[in-house]
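So the chains spell out like this:
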Amino acid sequence: TTLRLAVLNAGSRPTQDVITTTLPLPDGLEVSAVTAPDWTCTVKTGMLKCERTAELSPGQKSTIIIEAKFVLGAAPGFTLVATARTAGDQNSTND
């Protein structure tokens with residue numbers, strides 16, 4: 001299974017500082033690879049965390065591609081919800 005996580009700067013200014021994106025992983029979903037230019041990603045029990053120091057301009061997006069598989073006992077249905085935050089973000093409603 002391939003998952004694509006798009007991180008978009010919906011603000012009016014370039015991002016500042018490190019952008020941190022987290023994605024809680026449901027039980028039974030095993031991540032086998034992450035491809036994310038300009039991101040450093042780690043997978044720990046139940047969580048994918050990616051950090052980016054390169055700025056995102058207003059309207060610019062960056063995609064994190066996640067290769068994963070479902071294992072025996074995986075939840076039959078789930079919703080993935082990721083957040084992306086950076087220091088100085090004045091509008092946390094669009095994280």
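What counts, and where the lines are drawn
- Residues numbered from 1 in each chain as written.
- Predicted model: local features only at pLDDT ≥ 70, side-chain atom pairs only at ≥ 80, totals over all residues.
- Heavy atoms only, no water.
- Helix = DSSP H or I, 4+ residues; strand = E, 2+ residues; numbered from the N terminus.
- Buried < 20%, exposed > 50% of the residue type's maximum accessible area, 1.4 Å probe, protein only.
- Contact = heavy atoms within 4.5 Å.
- Areas by Shrake-Rupley, 256 points an atom, 1.4 Å probe, with all protein chains shown as cover.
- Core = buried A, V, L, I, M, F, W, Y, C linked by side-chain atoms within 4.5 Å.
- Patch = residues over 30% accessible without salt bridge, like charges linked within 9 Å, V, L, I, M, F, W, Y side chains within 5 Å.
- Salt bridge = Lys/Arg side-chain N within 4 Å of Asp/Glu carboxyl O.
- Pairing = 2+ DSSP bridges.
- Axes fitted to C-alpha atoms, helices over the stretch in contact; angles between N-to-C directions.

A.B. asks: Give a description of the overall build of the chain that names residues and reports values.
C.D. replies: In terms of regular secondary structure, the chain is built from zero helices and seven strands. Judged by the C-alpha coordinates and their principal axes, the chain covers about 45 × 25 × 20 Å. Across the 95 residues that make up the chain, the buried fraction comes to 24%. Put simply, of all contacts in the chain between residues at least 6 apart along the chain, 74% involve residues at least 24 apart. Total accessible area computed for the chain in this model is approximately 6,100 Å², and 51% of it derives from carbon and sulfur atoms.

A.B. asks: Now, about the nonpolar core: what can you tell me, with residues and values included?
C.D. replies: By size, the foremost hydrophobic cluster in this structure holds 15 residues, and its most contacted members are Val7, Trp39, Leu48 and Ile64. Where this core is concerned, the elements lending two or more residues are β1 (2-8), β2 (19-24), β5 (47-52) and β6 (61-70). Among the elements that take part in this core, β6 stands out by supplying three residues, more than any other. Other than its neighbours up to four places away in sequence, tryptophan 39 contacts Val7, Ile19, Thr21, Cys50, Glu51, Arg52, Ser62 and Ile64.

A.B. asks: Quick one: what's the story with a nonpolar patch on the surface, residue by residue and with numbers?
C.D. replies: On the surface, Phe70, Phe78 and Leu80 cluster together into a nonpolar patch covering about 240 Å² of accessible area. Mapped onto the elements, leucine 80 comes out in the loop between β6 and β7 (83-86).

A.B. asks: Please give an account of the pattern of salt bridges that cites residues and values.
C.D. replies: Tallied over the entire structure, the rule returns two salt bridges. With a closest N to O distance of 3.9 Å, arginine 52 and aspartate 38 form a salt bridge. Taken together, the positions of arginine 52 in strand β5 and aspartate 38 in the loop between β3 (29-35) and β4 (40-44) put the pair 14 residues apart, joining distant regions of the chain. The partner of glutamate 51 in a salt bridge is lysine 49, and the shortest N-O contact between them spans 3.8 Å.

A.B. asks: Help me get a handle on the pairing of β7, residues and values and all.
C.D. replies: Regular strands show a simple pattern: their side chains alternate between the two faces of the sheet. Of the two faces of β7, the one lined by Ala84 and Thr86 is fully buried and the one lined by Thr83 and Arg85 carries no buried residue. Pairing of β2 with β7, which is carried by four bridges, proceeds in the antiparallel orientation. If you follow threonine 21 over to β7, its bridge partner there is alanine 84.

A.B. asks: Help me get a handle on the sheet that holds β4, residues and values and all.
C.D. replies: On the basis of which strands lie adjacent, the open sheet formed by four strands has the order β4-β5-β2-β7 and antiparallel pairing. At either margin of the open sheet sits one strand with a lone partner, and together these are β4 and β7. Between one strand axis and the next, the sheet turns by 15° as a mean value, whatever way the strands run.

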